[in-house]
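Listed here are the chains, written in short residue letters.
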Amino acid sequence: PGADRKLAPRGRVDSFSNPRVEVVVRKRPRSRQELEAQAYDVLECTGTTCSVLEPKVKVDLTRFVDRHVFTFDACFDEDTSNQGLYQACVQPLVQAAVSGGKCTCFAYGQTGSGKT
């Protein structure tokens, strides 16, 4: 999955000539409580897509999984290190800012989910 993905930006950030917004997703590792309860892992992240897996039961009691696929600029799985994510997503912004560009890195997520 995402661990095989080379951690490199898709292009150079050039805020002067190419302003843009990128949306990147990082999957958090399952918590100790989730692991102990053997909770079903409902998120798969690969390359630029994240799939939410929704277990369901049909009227005839047949079990199946409904897959909802979302596409982003990049998706990182739970095995991605902080350093790898920084080098792929934040470091180009810092370089652009130091070169006189205007950049923002906005991290959004639940408390304790690894935004720092």
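Here the structure is shown first, and the text comes after it.
Cut-offs applied
Residues numbered from 1 in each chain as written. Predicted model: local features only at pLDDT ≥ 70, side-chain atom pairs only at ≥ 80, totals over all residues. Heavy atoms only, no water. Phe/Tyr/Trp six-rings, centres within 6.5 Å; stacked < 30°, edge-to-face > 60°. Lys NZ or Arg CZ within 6 Å of the ring centre and 35° of its normal. Salt bridge = Lys/Arg side-chain N within 4 Å of Asp/Glu carboxyl O. Helix = DSSP H or I, 4+ residues; strand = E, 2+ residues; numbered from the N terminus. Buried < 20%, exposed > 50% of the residue type's maximum accessible area, 1.4 Å probe, protein only.

Here we take up the packing of aromatic side chains. For the coordinates displayed, the defined rule picks out zero aromatic pairs. The positively charged end of Lys 58 is found above the aromatic ring belonging to Phe 64, 5.5 Å away from the centroid.

On to the pattern of salt bridges. Across all of its chains, the model carries seven salt bridges by this definition. Here Lys 27 makes a salt bridge to Glu 78, at a shortest N to O gap of 3.4 Å. Separated by 51 residues along the polypeptide, Lys 27 in the loop between β1 (24-26) and α1 (32-36) and Glu 78 in the loop between β5 (74-76) and α2 (82-98) bring together distant segments of the chain. A relative accessible area of 8% means that Lys 27 is categorised as buried. Salt-bridge contacts for Arg 67 lead to Glu 44; the nearest nitrogen and oxygen are separated by 2.8 Å. Of the two residues, Arg 67 is situated in strand β4 (residues 63-71) and Glu 44 in strand β2 (residues 43-46); the sequence distance between them amounts to 23 residues. On the basis of relative accessibility, which here comes to 45%, the residue Arg 67 falls in the partly exposed class. Through salt bridges with shared partners, a single ionic network connects Lys 27, Asp 41 and Glu 78.

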